[in-house]
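Okay, here's what each chain looks like letter by letter:
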Amino acid sequence: MDSNDISTSGDLVFKPSARAFFVHYVAMFLVFVGPRLNPAVGLPVWLGTVLGLIVLAAVIYQKYGQEYRVTSMGVVRSWRWPSPRKQEIAWENLGEILVLRGLTQTILQVGNLAFRDKAGGSELFWYGLLNPKDVKDLIERKRP
C-alpha cells in the first residue's frame, strides 16, 4: 500500500494518503488563482492568498502531523504537533470498525475508519487512508 508501512517493531503504520486531500487542493487553487484571474469575483487577492495559505497549513498538519498504528496492544492515533500525544483503544475494548467514505473518496480510493470503544471511551478516527477496506481487513486479521 502506498502510504502504509510495517515498522521494525512489527506494528502496522498508516498515514493519510495525498489523494485524500484532493478537495483541499481544488480549494487552494480556487482561492489562490480565482481573485487573480477574475478580480470581479469579489475576493481581494490578499484575502485569497491568506485563505489559500490557511488551507495549505491544514493539509500539511493533517498529512504530516499524524500517523495511525496497529500494535500488539491495540489501535493508536498519534499526533506529532503542536505537542506529541496519542489516542488508543486496547484490543479488549475495540468494538466495531466502520469504513466511512463519500462519493469523491470512493472515486479516489480513499476513506476513513472509525473505531468504536466498548469501554465507553471516545471514538477513534483515522482520516484519509488509501484503500480503507483493505486496511480494515488487515486490522481484523491482527486482532487477537
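Up top you'll find the structure we're talking about.
Reading the values: the criteria
- Residues numbered from 1 in each chain as written.
- Predicted model: local features only at pLDDT ≥ 70, side-chain atom pairs only at ≥ 80, totals over all residues.
- Heavy atoms only, no water.
- Helix = DSSP H or I, 4+ residues; strand = E, 2+ residues; numbered from the N terminus.
- Buried < 20%, exposed > 50% of the residue type's maximum accessible area, 1.4 Å probe, protein only.
- Contact = heavy atoms within 4.5 Å.
- Areas by Shrake-Rupley, 256 points an atom, 1.4 Å probe, with all protein chains shown as cover.
- Salt bridge = Lys/Arg side-chain N within 4 Å of Asp/Glu carboxyl O.
- Arc of directions from axis to C-beta.
- Pairing = 2+ DSSP bridges.
- Core = buried A, V, L, I, M, F, W, Y, C linked by side-chain atoms within 4.5 Å.
- Axes fitted to C-alpha atoms, helices over the stretch in contact; angles between N-to-C directions.

## Points about the overall build of the chain
Phase 1 of the analysis: Helices and strands together make up the secondary structure of the chain, namely 4 helices and 8 strands.
Phase 2 of the analysis: With respect to the principal axes defined by its C-alpha atoms, the chain has extents near 60 × 35 × 30 Å.
Phase 3 of the analysis: Relative to its 144 residues, the chain shows a buried fraction of 38%.
Phase 4 of the analysis: Sequence-distant contacts, at least 24 apart, represent 45% of the contacts inside the chain between residues at least 6 apart.
Phase 5 of the analysis: In the form shown here, the chain has an accessible surface area of approximately 8200 Å², with 62% of it arising from carbon and sulfur atoms.

## Considering the pattern of salt bridges
Phase 1 of the analysis: This structure, assessed with the given rule, holds 6 salt bridges.
Phase 2 of the analysis: With its nearest N and O atoms 2.9 Å apart, the salt bridge here joins Arg 69 to Glu 67.
Phase 3 of the analysis: Its relative accessible area of 22% is what places Arg 69 among the partly exposed residues.
Phase 4 of the analysis: Arg 80 serves as the salt-bridge partner of Glu 67, at 3.0 Å between the closest nitrogen and oxygen. A residue pair is termed long-range when its members are at least 10 positions apart, and Glu 67 in strand E3 (residues 66-70) and Arg 80 in the loop between strand E4 (74-79) and strand E5 (85-90) qualify at 13 residues.
Phase 5 of the analysis: What makes Arg 80 partly exposed here is its relative accessible area of 34%.
Phase 6 of the analysis: Salt bridges linked by common partners bring Asp 11, Glu 67, Arg 69 and Arg 80 together as one network.

## Description of helix H4 (residues 132-142)
Phase 1 of the analysis: Taken as a whole, H4 has its buried residues at Pro 132, Val 135 and Ile 139. The buried residues of H4 occupy an angular sector of 55° when projected down its axis, which confines them to one face. Looking at H4, the residues exposed on the side facing more than 90 degrees away from the buried face are Lys 133 and Arg 141.

## A few points about the pairing of strand E8 (residues 124-130)
Phase 1 of the analysis: Burial analysis of E8 places 6 of its 7 residues in the buried class, the great majority of the element.
Phase 2 of the analysis: In the sheet, strand E7 (residues 110-117) pairs with E8 via 5 bridges, with the strands oriented antiparallel. Its bridge partner lying in E8, Leu 113 is registered against Trp 126.
Phase 3 of the analysis: The hairpin turn running from E7 into E8, its antiparallel successor, is 6 residues long, and Gly 120 in that turn takes a positive phi close to 95°.

## Overview of the nonpolar core
Phase 1 of the analysis: Phe 14, Val 70, Val 75, Leu 113, Phe 115, Trp 126 and Ile 139 are the most contacted members of the largest nonpolar core, which totals 23 residues.
Phase 2 of the analysis: With 5 residues, E8 is the single largest residue contributor to this core.

## Some thoughts on the sheet that holds E7
Strand pairs in the sheet, formed through backbone hydrogen bonds, run parallel or antiparallel to each other.
Phase 1 of the analysis: An order of E6-E7-E8 is seen for the 3 strands of this open sheet, with the pairing classed as antiparallel. The sheet terminates laterally at strand E6 (94-100) and E8, the two strands that pair on one side only. Across the sheet, the mean angle separating the axes of adjacent strands is 20° when strand polarity is ignored.
Phase 2 of the analysis: Where E6 and E7 come together, 5 bridges link them in antiparallel fashion. Pairing of Ile 97 across the sheet is with Phe 115, part of E7.

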